[in-house]
Amino acid sequence: MNRSQGEKNENLNDLQLRKFLKTVAVVAAPIAAQSLIGSSLNLVDNLMIGHLGELPLNAVGVSVQIFFIYWMFVFGFASGAATFISQFYGVRDYVNIRRTTGFTLCVAFGVGLTFFLAAELFPEYLLQIFTRFPEVIETGAVYVRIGAPTFLLVPLTQAFTVALRATQQTMRPLIASASALCLNTFMNYVLIYGAFGMPAMGIAGAALATVISRTVEFGIIFYLVFVRRNVIAGPLQEFFGFKRGLALCIVKNALPTTINETMWGLGTALYVAAFARISISAGAAVQACNTINSLFSMAAFSVGDAVLILVGQKLGEEKLEEAWKMSAILLRIGIMVGLVLGGLTVLFGRPVLGLFDFTVEGETDAWRILVVYAATLFMEVYNAVQVTGCLRCGGDTRFAMITEVSAIWLIGVPLAFITSLMLHWPVYLAVLAVKTEGVVKGVILTRRYLSRKWMNNMIGGLDE
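Below: a short report on this structure. Quick caveat: nothing in here was measured; it's all calculated off a predicted structure. (Residues numbered from 1 in each chain as written. Predicted model: local features only at pLDDT ≥ 70, side-chain atom pairs only at ≥ 80, totals over all residues. Heavy atoms only, no water.)

**Things to note about the overall build of the protein**
If you tally the helices and strands in the protein, you get 18 helices and zero strands. Computed over the C-alpha atoms, the radius of gyration of the protein is 22 Å, within 12% of the 23 Å expected from 2.2 N^0.38 for a compact globule of 464 residues. C-alpha atoms of the protein, sized along the principal axes, occupy 75 × 50 × 40 Å. Out of the 464 residues in the protein, the part that is buried amounts to 58%. Sequence-distant contacts, at least 24 apart, represent 84% of the contacts inside the protein between residues at least 6 apart. Roughly 19100 Å² of accessible area belongs to the protein as shown, and the carbon and sulfur atoms make up 67% of that amount. (Helix = DSSP H or I, 4+ residues; strand = E, 2+ residues; numbered from the N terminus. Rg over C-alpha atoms; globule rule 2.2 N^0.38 Å. Buried < 20%, exposed > 50% of the residue type's maximum accessible area, 1.4 Å probe, protein only. Contact = heavy atoms within 4.5 Å. Areas by Shrake-Rupley, 256 points an atom, 1.4 Å probe, with all protein chains shown as cover.)

**Here's the deal with the nonpolar core**
Across soluble globular proteins, you tend to see nonpolar side chains buried next to one another. Of all hydrophobic cores here, the largest spans 131 residues; its most connected members are Phe275, Val311, Ile369 and Trp454. Broken down by element, this core gets its largest block of residues, 18 residues, from helix H2 (residues 54-90). (Core = buried A, V, L, I, M, F, W, Y, C linked by side-chain atoms within 4.5 Å.)

**Brief notes about a nonpolar patch on the surface**
Taken together, the side chains of Ile418, Leu421, Met422, Leu423, Trp425, Leu429 and Leu432 make up a nonpolar region of the molecular surface, amounting to roughly 630 Å² of accessible area. Of all the elements in the fold, those that place two or more residues in the nonpolar patch are helix H16 (397-422) and helix H17 (427-434). For the nonpolar patch, the leading source of residues is H16, giving three residues. Mapping Leu429 onto the fold places it in helix H17. (Patch = residues over 30% accessible without salt bridge, like charges linked within 9 Å, V, L, I, M, F, W, Y side chains within 5 Å. Salt bridge = Lys/Arg side-chain N within 4 Å of Asp/Glu carboxyl O.)

**Describing the packing of aromatic side chains**
By the definition in use, this model includes 20 aromatic pairs. Geometrically, the ring pair formed by Tyr70 and Phe115 is tilted, given 5.1 Å between the ring centres and 45 degrees between the ring planes. Placement of Tyr70 in helix H2 and of Phe115 in helix H3 (residues 94-121) is noted, with a sequence separation of 45 residues between them. Overall, the relative accessible area of 1% leaves Tyr70 in the buried class. Their ring planes at 50 degrees and their centres at 6.1 Å tell us that Phe77 and Phe103 sit as a pair that is tilted. Separated by 26 residues along the polypeptide, Phe77 in helix H2 and Phe103 in helix H3 bring together distant segments of the chain. Note on Phe77: relative accessible area 5%, which makes it buried. One aromatic cluster in this structure is built from Phe67, Tyr70, Phe73, Phe115, Tyr143 and Phe151. In this structure, Arg448 is placed above the aromatic ring of Phe399, and the distance from its NZ or CZ to the ring centre is 4.3 Å. Over the ring of Trp324 we find Arg452; its NZ or CZ atom is 3.9 Å from the centre of that ring. (Phe/Tyr/Trp six-rings, centres within 6.5 Å; stacked < 30°, edge-to-face > 60°. Lys NZ or Arg CZ within 6 Å of the ring centre and 35° of its normal.)

**Regarding helix H10 (residues 244-276)**
For H10, built from 33 residues, the straight-helix expectation of 48 Å at 1.5 Å per residue is met to within 8% by its first-to-last C-alpha distance of 45 Å. In the structure, H10 departs most strongly from a straight axis at Ala254, where the bend amounts to approximately 35 degrees and where the proline Pro256 lies between one and four residues downstream. (Expected span 1.5 Å × (residues − 1). Bend = angle between axes of the 7 residues up to and from the residue.)

**Regarding the packing of helix H13 (residues 320-353) against helix H14 (residues 360-375)**
It is at 9 Å that the axes of H13 and H14 come closest, and there the two elements cross at 165 degrees. The angle between the axes of H13 and H14 places the two elements in the roughly antiparallel class. Where H13 crosses over H14, the handedness of that crossing is right-handed. Along the contact surface, H13 presents Gly342, Thr345, Val346, Gly349, Arg350 and Leu353, while H14 presents Ala366, Trp367, Leu370 and Ala374. Tallied by class, residues from the contact of H13 with H14 come to six nonpolar, three polar and one charged. (Axes fitted to C-alpha atoms, helices over the stretch in contact; angles between N-to-C directions. Parallel < 35°, antiparallel > 145°, perpendicular 65-115°, else oblique. Left-handed = near helix turned anticlockwise from the far one by under 90°. Nonpolar A, V, L, I, M, F, W, Y, C, P; charged D, E, K, R; others polar.)

**Overview of the side chain of Ser420**
Mapped onto the fold, Ser420 is located in helix H16. Judged by relative accessible area, Ser420 falls into the buried class, the value being 4%. From its side chain, Ser420 meets the backbone oxygen of Ala416 in a polar contact 2.8 Å long. Excluding its chain neighbours within four sequence positions, the residues that come into contact with Ser420 are Ala274, Phe275, Ile278 and Ala430. (Polar contact = N/O pair within 3.5 Å; in protein donor to acceptor, adjacent residues only side chain to side chain.)

**Focus: the environment of Ala366**
When you line up the elements, Ala366 lands in helix H14. Sequence spacing of Ala366 and Thr104 is 262 residues, and the spatial spacing of their C-alpha atoms is 38 Å.

**What to know about the pattern of salt bridges**
Tallying each qualifying case throughout the model produces nine salt bridges. The partner of Glu238 in a salt bridge is Arg98, with the nearest N and O atoms 2.7 Å apart. Pair noted here: Glu238 is in helix H9 (residues 236-239) and Arg98 is in helix H3, with a separation of 140 residues, a long-range link. The closest approach of N and O atoms between Lys314 and Glu322, which form a salt bridge, is 3.4 Å. Note on Lys314: relative accessible area 16%, which makes it buried. One network of salt bridges, with partners in common, ties together Glu404, Glu437 and Lys441.

**Some words on the environment of Phe109**
Tracing the backbone shows Phe109 in helix H3. Classification of Phe109 as partly exposed rests on a relative accessible area of 31%. Between the C-alpha atoms of Phe109 and Cys249, which are 140 residues apart in sequence, the distance is 19 Å. In contact with Phe109, other than residues within four places in its own chain, are Leu152, Pro155 and Leu156.

Okay, here's the thing in structure tokens:
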């Protein structure tokens, strides 16, 4: 009798696990596909620009660091806000979902306006942070100035993308991103090389194509939310009628994630700055490898988004044990995904590198850098799932911030400059040295995860 009952419970658990994994696939797969599309958009840019030579590729590589830093700010603040959206969705509180979305949009757009003005007025000064070569600065300034309007478009798109994802509507942002990729690829071909009677604009054409595709992407998101009357759509006063108590709670949670991602983005950009100072060839190799690696890594990081959405909802419902079990399964999935995609990076990386117009030295460096990225991808995914998924879904953003910022600024950035500029190591060994910060970070995050101190309900007691 007891044995029969135990078998019955075991079968029930198996059924629940299969149902959960199906839910994970439904939530994570579109996010992974959207990330893959976004990375593909960057790869298309770099492949087309790479055919123009190593100088344009290096110039675009350092130029996009400015956009990357802003993107990390938006991602950080939106991630902090997504904690609330996912938990509000757990109790189906759509009014506060709209208020959180509107507040996110206002903050991100305000900062985006500052970046826009700086990029339009003095891009050369910004680029001097990342490179010492005058020809790279002069070429990159063209890309930054033309691409500046994306600083105003990204916050509009990202605020609603986060809201759609956190309410398990992950297919809709995917549609917008897929459309943007197709348009960007076509416009790149037309504007970079001068097809169909258009003038050949080079990297200026790549920047313009990106602005056009980002505009269309926002238009599609706006249509899917407001014209199609999505559940998160509502009166404008609800989006901008956020109350002081909610705004302060969002800021308190989102400020650490914003500092976290912005400082992480700035630190990563300084890696590129250090490596790019070795030589123009080394800078181009790093840029190509970053683009290829992002094809696989960004898709893998979708597991972290799934943790934030699914586990966050359980925390909002006060189902702590269920949230714990979900997080453990998703962490294992993240490690397995990282190992598989690391292998695929090695398998397909070399043929993709062959599409770039490298010197012999540049191609050798690029391949060795790519092997380093592939071998450490599982570790990067594990840490990302911990930070962007587990810790953030429970509002443990301050600990996540301290861990990540300390690792990258006390270990990673110093190692990047010491190995590149003082020890004069080859660029691939400098990249390998920087990866040690991920090992230290992983140990600290594991201890925090096992303590369960990150499991918090963030919406309990909030006034409507």
